[in-house]
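Chains, contacts and geometry: an overview
Chain residues, written in single-letter form:
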Amino acid sequence: MRKQEKGENRKALPKFVLTMVGSLLAGGVIGFVVGCSRVLGPQTAALAAGLSRALEAATPWGIPVTSVLTLGTCFLLYRSAARKYAAWDGGDEDETSQAIEEALSWVLLLSAVQSLVNFFFMAAFCVYSLGENVGGLATVGVFLVSFGFVIFAQQKAVDLERKMNPEKHGSVYDSKFQKRWLESCDESERRQIGQACYRAYMVAGRFCMGLWLVLVILSLVFKISLLPVFVLLLVWGVLQVTYTLECIRLGRHSEAP
């Protein structure tokens, strides 16, 4: 066992060393760029101001434009899935059922992305245009309407999925929808969900690491506060702590008689 551990360590060590050397070289390049940006301080300030003005101008149109694109695509995907379902012969593993479920998955994905876009532009509105009463009411109204269509799209997708699989339970209007849906899944589906969750955890961890590096560099160039870094580390910490505690809980549950 000890020989196997040492062999694995020796095998992984060269790659680790190369990664560290590459990181040092990349850090040197980044440091040089940051130093140049300090010399060109007025230009970076002008760039930040220009980006802020562009975001302020785009904020009133962000939600309606993106909603038309994403929710319109959701509508087309759902209509395609509904037509295929109408011609479906009820087979469990045929190409038609797989195509329907894939289209419904894309509907859920795009609607979820649109909800995040709505949150972003609503936050931008609070920063830039909160004092404009008429425009403010219109933006809030568009925000609520867009979210209504997001929920409607998710509801239609879930309902069609339940028609295909009558054993499934849950409603998108229920606050415990994910729990009820998981309880109605079989072992194969739960294993697939577990693999997807682990993949999401790994990607999220690497993304947080990369975003932390970007924020640190931006703090040197644009003199931003530590609040974005704190929020990022808070989310990252919640992700890691929740994952570890859940592993401990599941481990105890599996060992219980």
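Above this note sits the structure.
Anyway, here's the lowdown on the structure attached to this text. (Residues numbered from 1 in each chain as written. Predicted model: local features only at pLDDT ≥ 70, side-chain atom pairs only at ≥ 80, totals over all residues. Heavy atoms only, no water.)

1. Looking at the overall build of the chain
Counting secondary structure elements, the chain contains 7 helices and 0 strands. Ordering the α and β elements of the chain from the N terminus gives α-α-α-α-α-α-α. Among the 257 residues that make up the chain, the fraction classed as buried is 22%. As presented, the chain carries roughly 18,300 Å² of accessible surface, and 69% of it is formed by carbon and sulfur atoms. (Helix = DSSP H or I, 4+ residues; strand = E, 2+ residues; numbered from the N terminus. Buried < 20%, exposed > 50% of the residue type's maximum accessible area, 1.4 Å probe, protein only. Areas by Shrake-Rupley, 256 points an atom, 1.4 Å probe, with all protein chains shown as cover.)

2. Some remarks on the pattern of salt bridges
When charged atoms on two side chains of opposite charge get close, those side chains can pair. Within this structure, the stated rule accounts for 4 salt bridges. Among the ionic pairs, arginine 180 bridges to aspartate 174, the shortest N-O distance being 2.6 Å. We classify aspartate 174 as partly exposed; its relative accessible area is 27%. Glutamate 246 is the partner of arginine 249 in a salt bridge, and the nearest nitrogen-oxygen pair spans 2.5 Å. In this pair, arginine 249 and glutamate 246 both sit in helix α7 (residues 227-255), 3 residues apart, roughly one turn of the helix. Given a relative accessible area of 46%, arginine 249 falls into the partly exposed group. Each of Glu167, Lys168 and Glu189 takes part in one network of salt bridges that share partners. (Salt bridge = Lys/Arg side-chain N within 4 Å of Asp/Glu carboxyl O.)

3. Digging into the side chain of glutamate 161
Along the polypeptide, glutamate 161 turns up in helix α4 (residues 133-164). For the buried glutamate 161, no salt bridge is present, and the opposite-charge side chain at shortest range is lysine 168, 5.2 Å distant. When residues no more than four places from it in sequence are discounted, the contact partners of glutamate 161 are Glu101, Leu104 and Trp181. (Lys, Arg positive; Asp, Glu negative; His and termini not counted. Contact = heavy atoms within 4.5 Å.)

4. Here's the deal with the nonpolar core
Note on soluble globular proteins: their nonpolar side chains tend to be buried together. Cys74, Tyr78, Ala81, Ile100, Leu104, Val107 and Leu160 are the most contacted members of the largest nonpolar core, which has 15 residues in total. Listed by contribution, the elements that provide at least two residues to this core are α2 (41-86), α3 (95-128) and α4. Contact partners of cysteine 74, with chain neighbours within four places excluded, come to Val107, Leu110 and Ser111. Ranked by size, the runner-up nonpolar core spans 6 residues in total, among them Ile63, Phe121, Met122 and Phe147. (Core = buried A, V, L, I, M, F, W, Y, C linked by side-chain atoms within 4.5 Å.)

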